[in-house]
Amino acid sequence: MGKLGRIAPIIATLFWCLGIPNALAEGQQLDEQSLNGLLTDNAGSPYQLEGELVLKTVQVEPGRAHLIYETPRGEPFKVVLVPKDSAEPHFKTTASFKIFYPDPCPENAACVKLLEGLAQHIAARDTGQWSLPPIPAESGNPSGSQRGRLSIADSSLFLFGTVLLILSLLFLPSLLAITYGQFRTLPHKLPILGIIGAGAVLRLFVMRHMVITVYMGYLLTDKAASLREFARYGIGSQAMWHHLFHFTTPDHTSAIMLNACLGILSMGLLVALLRRAGYGGIGILSSILLMAFLPVLLWSDCSDSLTVVVLFWTFGATVFAQEYLISRKIHHLLGALVWLVMAAHTRPEQVFFGPLFVLTVIMFQPGSIREKLKLPWYAWLISIGGFILLVLP
């Protein structure tokens, strides 16, 4: 009995450490008082941006919590917390919640800065113990089995987008080899590489942290991650982002990082494009200087703008087309076709403007227009027929 008496406290302690705290953590329901406590810092003040966005009230209801902030002009800005397993689009995630804002940000308000800091503040105090009041069963909330599914037609289209993306990436090494070949014979090479390097530093380490959401990126990225709905701009970006999220966090910051990298690669493609188009070293230097440092392009490359992706595919298609005119190799023609189709499935207007851009560059570069148009019959068939067939889905 004496041994049992000595062992009993040890066993009880083990049960406490391993079981009870976890059970308590799983059942800790959030209310307005605990939410206020979650938002309060060590000094007893709620998380807010003094002079910019001030917390006015918090509300907890079944399935979600609302934080109402206010600008100095009295404009409200609502932040919403929902359970982490919710299918809602989101901006950031903590151990217990998804965080997002459902309405447009008031003009000139530091909404993204607030959400970034708020997410870090909550994440530091959230170990996964919180749950929101349950939504009544009769509310008609879709079950988990209904979420994350495209219709059969959309699923077929997504498969098409995935195949198109894989084909595009298979042509990437060939495109990089062409670009490298143009750099090797480039006059004023070092200044141009220096400008591209400076532009890369700005995009990767400076501007990328000034988060800009051009297309409400957390909505598009949610569609790409969950596949609950077909993205309105085309299957190209949805397929690309969905597969990107297999290797990164499924939020807009990953899309912004991808755009920054594509913006840097696009500068290299532009050098190859201009070199083939007959530009000299000074002309290329001036063009790259604008692309590297023009504010509108900097902001675009460090946002979730689909224009960045479109430029990347279109520049690549143009370089492939220029190379085909010289090499007459079929894989260069196919590369131009596939990359141009990817641009068209990223932004629908590229069905017209993509081929127009390629033709304009080719027609105005050095050489006889008659010789440029004197292509084998199968090249015209692949170019025109293939493009029409592949953009129809």
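Note: the structure precedes this text.
Residues numbered from 1 in each chain as written. Predicted model: local features only at pLDDT ≥ 70, side-chain atom pairs only at ≥ 80, totals over all residues. Heavy atoms only, no water.

**Comments concerning the sheet that holds strand β3 (residues 64–70)**
The strands making up a sheet are joined through hydrogen bonds of the backbone, oriented either antiparallel or parallel.
Okay, step 1: Spatially, the five strands line up as an open sheet ordered β2-β3-β4-β6-β5, and their pairing is antiparallel. At either end of the open sheet lies a strand with only one pairing partner, and these are β2 (54–61) and β5 (92–93).
Okay, step 2: In terms of strand pairing, strand β4 (residues 76–83) meets strand β6 (residues 97–100) through four bridges, oriented antiparallel. Note on β6: the bridge partner recorded for Leu-81 is Ile-99.
Okay, step 3: The sheet contacts of helix α4 (residues 111–123) involve β3, β4, β5 and β6, and relative to β4 the element is tilted by about 35°. (Pairing = 2+ DSSP bridges. Helix = DSSP H or I, 4+ residues; strand = E, 2+ residues; numbered from the N terminus. Contact = heavy atoms within 4.5 Å. Axes fitted to C-alpha atoms, helices over the stretch in contact; angles between N-to-C directions.)

**Concerning the nonpolar core**
Okay, step 1: Trp-241, Val-271, Ile-288, Trp-313 and Trp-339 are the most contacted members of the largest nonpolar core, which has 71 residues in total.
Okay, step 2: If we ignore the near neighbours within four places in the chain, the residues touching Ile-288 are Ile-192, Ile-195, Ile-196, Met-267, Leu-270 and Val-271.
Okay, step 3: Ranked by size, the runner-up nonpolar core spans 33 residues in total, among them Phe-77, Val-80, Phe-97 and Tyr-101. (Core = buried A, V, L, I, M, F, W, Y, C linked by side-chain atoms within 4.5 Å. Buried < 20%, exposed > 50% of the residue type's maximum accessible area, 1.4 Å probe, protein only.)

**Remarks on helix α8 (residues 235–244)**
Okay, step 1: Counting buried residues in α8 gives nine out of 10 residues, a clear majority hidden from the surface.
Okay, step 2: Turning to α8, its buried residues are Ile-235, Gly-236, Ser-237, Gln-238, Ala-239, Met-240, Trp-241, His-242 and Leu-244.

**Here's the deal with the packing of helix α12 (residues 306–327) against helix α13 (residues 330–344)**
Okay, step 1: Where α12 meets α13, the closest approach of the two axes is 8 Å, and the angle between their N-to-C directions is 160°. With respect to α13, the axis of α12 lies roughly antiparallel. Considering only the axes of α12 and α13, their crossing is left-handed. The residues of α13 that touch α12, namely those facing Val-310, Phe-312, Trp-313, Thr-314, Gly-316, Ala-317, Phe-320, Ala-321, Glu-323, Tyr-324 and Ser-327, are Ile-330, His-332, Leu-333, Gly-335, Ala-336, Trp-339, Leu-340, Met-342 and Ala-343.
Okay, step 2: Split by residue class, the contact of α12 with α13 holds 14 nonpolar, five polar and one charged. (Parallel < 35°, antiparallel > 145°, perpendicular 65-115°, else oblique. Left-handed = near helix turned anticlockwise from the far one by under 90°. Nonpolar A, V, L, I, M, F, W, Y, C, P; charged D, E, K, R; others polar.)

**Observations concerning α4**
Okay, step 1: Across its 13 residues, α4 extends 18 Å between first and last C-alpha, which sits within 8% of the 18 Å expected from 1.5 Å per residue.
Okay, step 2: The buried fraction of α4 is high, at 10 of 13 residues.
Okay, step 3: Within α4, the full set of buried residues consists of Cys-111, Val-112, Leu-114, Leu-115, Glu-116, Gly-117, Leu-118, Ala-119, His-121 and Ile-122. (Expected span 1.5 Å × (residues − 1).)

**What to know about a nonpolar patch on the surface**
Okay, step 1: On the surface, Ile-369, Leu-373, Trp-380, Ile-384, Ile-388, Leu-389 and Leu-392 cluster together into a nonpolar patch covering about 710 Å² of accessible area.
Okay, step 2: If one sorts the elements of the nonpolar patch by residue count, helix α16 (residues 377–391) sits on top with four residues.
Okay, step 3: The residue Trp-380 is located in helix α16 in this model.
Okay, step 4: Residue class for Trp-380 comes out partly exposed when judged on its relative accessible area of 33%. (Patch = residues over 30% accessible without salt bridge, like charges linked within 9 Å, V, L, I, M, F, W, Y side chains within 5 Å. Areas by Shrake-Rupley, 256 points an atom, 1.4 Å probe, with all protein chains shown as cover. Salt bridge = Lys/Arg side-chain N within 4 Å of Asp/Glu carboxyl O.)

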